[in-house]
Amino acid sequence: MSEWERLLERLKNEIGEAAFHGWFRTMTVKRVAGGEAVIAFPTRFLRDWVARHYAECLLRVWRVENAEINRLSIIIEPQGDGLARDEPAGGSLEEPAAAVEPAAGIEGGEDKTLSGPLDPRFTFENFIVGKPNELAHAAARRVAEACVAPVSVPFNPLFLYGGVGLGKTHLMHAIAWHVRSHAAGCKVIYLSAEKFMYQFIRALRFRSIMDFKEQFRSVDLLMIDDVQFISGKDSTQEELFHTFNALVDQNRPIVISADKSPNDLNIEERMRSRLGWGLVADLHPTTYELRLGILQSKAEQAGIRLPQKVMEFLAHKIVSNVRELEGALNRILAQMQLIGRDITLESVQDVLRDLIRANERRVTIEEIQKKVAEHFKIRLVDMGSPRRERSIVRPRQVAMYLAKQLTSASLPAIGKKFGDRDHTTVMHAVKKITELIASDGVLAEDVELLQRMLQS
Ligand code: ADP
Ligand code: MG
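Residue positions are given per chain, counting from 1 as you read along its sequence in written order. Each chain is given a letter, starting from A, and each ligand a number, starting from 1, according to the order in which they appear as written. The predicted nature of this model means local features are confined to residues of pLDDT at least 70 and side-chain atom pairs, given and counted, to a pLDDT of 80 or more, with totals for whole chains, interfaces and linings taken over all residues. Values shown for side chains rest on all heavy atoms present in the structure; no hydrogens or waters enter the calculation.

**Focus on the overall build of the chain**
Summing up its helical and strand segments, the chain has 20 helices and eight strands in all. Each of the 456 residues in the chain was classed as buried or not, and the buried ones make up 51%. In the chain, once contacts between residues fewer than 6 apart in sequence are set aside, the share between residues at least 24 apart is 74%. Each accessible area value is a Shrake-Rupley result obtained with a 1.4 Å probe; residue values ignore everything except the protein chains displayed when judging cover. Roughly 21,800 Å² of accessible area belongs to the chain as shown, and the carbon and sulfur atoms make up 52% of that amount. Taking the average location of the 61 positive side-chain charges in the chain and that of its 61 negative ones, the two points are 5 Å from each other. The secondary structure listing takes helices from DSSP runs of H or I that are at least 4 residues long and strands from runs of E that are at least 2 residues long, numbered from the N terminus. Residue burial is assigned from relative accessible area. The probe radius is 1.4 Å, only protein chains are included, and a residue is buried under 20% of its type maximum, exposed over 50%, and partly exposed in between. A contact between two residues is defined here by any heavy atoms of the two lying within 4.5 Å. Note that His is not counted, nor are the chain ends; the positive residues are Lys and Arg, and the negative ones are Asp and Glu. Note that the charge is assigned to NZ on lysines, CZ on arginines, CG on aspartates and CD on glutamates.

**Describing the site of ligand 1**
With respect to spatial proximity, 18 residues lie near ligand 1, and among them Ile 128, Gly 165, Thr 169, His 170 and Glu 326 are the closest. Two N or O atoms form a polar contact when they lie within 3.5 Å of each other; inside protein one atom must be a possible hydrogen donor and the other a possible acceptor, and for residues adjacent in sequence the pair counts only when both atoms belong to side chains. Asn 133 is positioned with one of its side-chain polar atoms (N or O) 3.2 Å from a nitrogen atom of ligand 1. A distance of 2.8 Å separates an oxygen atom of ligand 1 from a polar side-chain atom of Lys 168. Coverage of ligand 1 by the protein amounts to 95% of the 560 Å² it exposes when considered alone. Going through the elements one at a time, α6 (168–182), α11 (288–302) and α13 (322–339) are the ones with two or more residues in the shell around ligand 1. The residue inventory of the shell around ligand 1, partitioned by class, reads seven nonpolar, seven polar and four charged. Whether a residue is near a molecule or strand is decided by its heavy atoms; if any one of them lies within 4 Å of it, the residue is near. Residues are grouped as follows: Ala, Val, Leu, Ile, Met, Phe, Trp, Tyr, Cys and Pro are nonpolar; Asp, Glu, Lys and Arg are charged; every other residue, Gly included, is polar.

**A short note on the environment of Trp 62**
Examined against the element boundaries, Trp 62 turns out to sit in helix α4 (residues 55–65). With 147 residues separating them in the primary sequence, Trp 62 and Ile 209 have C-alpha atoms 40 Å apart. Ignoring sequence-local partners within four residues, the contact set of Trp 62 consists of Glu 3, Trp 4, Leu 7, Val 29, Val 32, Ala 37, Ile 39, Ile 69 and Leu 72.

**Quick look at the nonpolar core**
Residues belong to one nonpolar core when they are buried, are Ala, Val, Leu, Ile, Met, Phe, Trp, Tyr or Cys, and are joined through side-chain atoms within 4.5 Å. Counting residues in each nonpolar core, the largest one holds 55 residues, and the members touching the most others are Phe 24, Val 143, Ile 175, Leu 221, Met 223 and Val 255. Among the elements that line this core, the one with the most residues is helix α5 (residues 134–147), at seven residues.

**Focus: the sheet that holds strand β4 (residues 158–162)**
The criterion for strand pairing is that DSSP finds at least two bridges linking the strands in question. Strand order in the open sheet made by the five strands is β5-β6-β7-β4-β8, with parallel pairing throughout. Both outer strands of the open sheet, β5 (188–192) and β8 (279–283), are each paired with one neighbouring strand and no more. Taken pair by pair, the neighbouring strands of this sheet meet at an average axis angle of 15°, ignoring direction. Here β5 pairs with strand β6 (residues 221–225) via five bridges, running parallel. In this analysis, axes come from line fits to C-alpha atoms, helices being fitted only over the stretch in contact, and the angle between any two N-to-C directions falls in the range 0 to 180 degrees.

**Things to note about the environment of Ile 201**
By secondary structure assignment, the location of Ile 201 is in helix α7 (residues 193–205). Given a relative accessible area of 37%, Ile 201 falls into the partly exposed group. Note: C-alpha distance between Ile 201 and Thr 236 (35 residues apart in sequence) is 8.2 Å.

**A closer look at the pattern of salt bridges**
Once their charged atoms are close, side chains differing in charge can pair, the charge on each being opposite to the other. When a carboxyl oxygen of Asp or Glu lies within 4 Å of a side-chain nitrogen of Lys or Arg, that pair is called a salt bridge. In total, this model carries 23 salt bridges according to the counting rule given. Of the charged contacts, one joins Glu 36 and Arg 71 as a salt bridge, the two residues approaching to 3.3 Å between their closest N and O atoms. In this pair, Glu 36 is assigned in strand β2 (residues 36–41) and Arg 71 in strand β3 (residues 71–76), connecting sequence segments 35 residues apart. Here Lys 298 ties to Glu 326 by a salt bridge, and the two come within 2.3 Å at their closest N and O atoms. Within this pair, whereas Lys 298 is found in helix α11, its partner Glu 326 is found in helix α13, the two being separated by 28 residues in sequence. Here the residues in one salt-bridge network are Arg 379, Asp 382, Arg 387 and Glu 389, joined through shared partners.

**As for the side chain of Thr 123**
By the element assignment, Thr 123 lies in the loop between β3 and α5. Those residues within four positions of Thr 123 in sequence are excluded, and the remaining contacts are His 170, Ala 174 and Trp 177.

**Let's talk about the packing of helix α1 (residues 3–15) against α4**
Here α1 crosses α4 at 135°, and the two axes come no closer than 9 Å. Here α1 is positioned oblique relative to α4, judged by the angle of their axes. For the crossing formed where α1 meets α4, the hand is right-handed. On α4, the residues touching Glu 3, Trp 4, Arg 6, Leu 7, Arg 10, Leu 11, Glu 14 and Ile 15 of α1 are Cys 57, Leu 58, Arg 60, Val 61, Trp 62, Val 64 and Glu 65. For the contact of α1 with α4, the class distribution of residues is nine nonpolar, no polar and six charged. Oblique is the label for any angle not covered by the other classes, which are roughly parallel (under 35 degrees), roughly antiparallel (over 145) and roughly perpendicular (65 to 115). Should the near helix be turned anticlockwise from the far one by less than a right angle, the crossing is termed left-handed; should it be turned clockwise, right-handed.

**Examining unusual backbone geometry**
The peptide bond linking Asn 156 to Pro 157 adopts the cis configuration, its omega dihedral lying at 0°. By secondary structure assignment, the location of Pro 157 is in the loop between α5 and β4. Its identity is not glycine, yet Arg 207 carries a phi of approximately 50°, on the positive side. Turning to its location among the elements, Arg 207 is positioned in the loop between α7 and α8 (209–217). With phi around 60°, Asp 226 is a residue other than glycine that occupies positive phi space. On the secondary structure map, Asp 226 appears in the loop between β6 and α9 (234–249).

**Notes on the confidence of the model for the chain**
Here the chain averages 85 in pLDDT, and 91% of its residues register 70 or above. Every residue in residues 81–111 is under pLDDT 50, and counting partners more than four places away or in other chains gives 66 contacts. The score called pLDDT rates the predictor's confidence residue by residue, from a low of 0 to a high of 100.

**Remarks on the packing of aromatic side chains**
For this analysis, a ring pair means two rings from Phe, Tyr or Trp (six-membered ring only for Trp) whose centres lie within 6.5 Å, classed as stacked if their planes differ by under 30 degrees, edge-to-face if by over 60, and tilted for the remaining angles. As enumerated under the stated definition, the model contains eight aromatic pairs in all. Relative to Tyr 161, the ring of Phe 159 has its centre 6.2 Å away and its plane inclined at 55°; by these criteria the two rings are tilted. On the accessibility criterion, Phe 159 (0% relative accessible area) is buried. Residue classification places Tyr 161 among the buried positions, given a relative accessible area of 14%. Aromatic rings pair up to connect Phe 196, Phe 200, Phe 212 and Phe 216 into one cluster. Taking the ring centre of Phe 124 as reference, the NZ or CZ of Arg 141 above it sits at 4.5 Å. The ring of Trp 277 has Arg 274 sitting right over it, with the charged end atom 4.1 Å from the ring centre. Whether a charge sits over a ring depends on NZ of Lys or CZ of Arg being within 6 Å of the ring centre and within 35 degrees of the ring normal.

Okay, structure coming up:
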């Protein structure tokens, strides 16, 4: 065993297998001379972390092997092809200065020129969790936490998908904020797929493609938003694919978002399979409860008190997505401030008339009945017929449930469309299906599928 190998062995014993693997796998020794040992890490994040948490320990262990060592320098040396870079496209990655002292200061590691701006409101604290987004939220948190602790993410990449305005971008920014505040030296790149393509084309044009590759391949966390944008853009896809592979091979977390699942994206097969490798988490259409929760929180943040009735009305009427819900709230606020009117149900209805109409146009009860009947292979007339066999009742209840979730119709209005049934029947159906969704995986999937189909 060489001195170096013995040193690694000692270090492993000292800090444990997991931490050793997590932090020191990529460490290389540059030189040992004049009482100084110089080691290198491929990224600033690793360098800073080790400098902050392990420098003393490392020095101590080293001195057991070689008592002459009295100084440890930890530098950054990107691992790569070693090719010269002709154009350091703003914020270069090269780190000429070595972080010498164990308590090396840590500064923001994300590359300002590459990373898109982050919305300060998009944090985990401001994200309301409900059934429709709980998996995506938990997965995003997991990635954020793994990035600031010496463990690797259990899945890579994380693929978030869902319709527009359901919180994909919010979750990605939240990850970035979390990592920024807990591990400032961690190099995070967040950008839209569109911007990725733009940077890529620019790099091609200015012959700085090596630079480009290296910047993307040396990040500690890469997040690309809205990848549906690159469908049909072959060379960008190719580049992204190689970037993914390079990062996954180094165990660096990647987070991707799209408006469709990997299977439904119009992209190359190998890209598709790569995207689906890790965890695929979807953001489902919002439920009434989630919308109400979001409204409460946003109103609180804005420092206004909305009558409960108004919030319920909004959660009921604005069913499309969270962005529109926020838009509605902002309009109410603006109107009230400008005109100085009190916020009442009537004034809100007035201010939002067009928005409400647009939301109502989306799904009709008839459409729901038709799709549900087709799905469960029952006759459409049985949606309103008096038949009470279970094979009919269950689909009918599903349709009532969906009518409640996806339209703004009242319970009595829904009942009317189902063969003039009483509103308590609808209420019972909604309760029943809500319970079943929690306990019956097959039914939950059916409902989910129908909901998606109806909303697309
Ligand atoms: P997407 O990227 O999926 O189209 P965004 O992340 O941009 O959607 O979300 C649209 C708006 O809705 C943002 O202002 C975001 O803060 C808000 N939003 C979405 N989901 C939630 C949630 N669960 N809690 C709080 N705000 C949310
Ligand atoms: Mg978005």
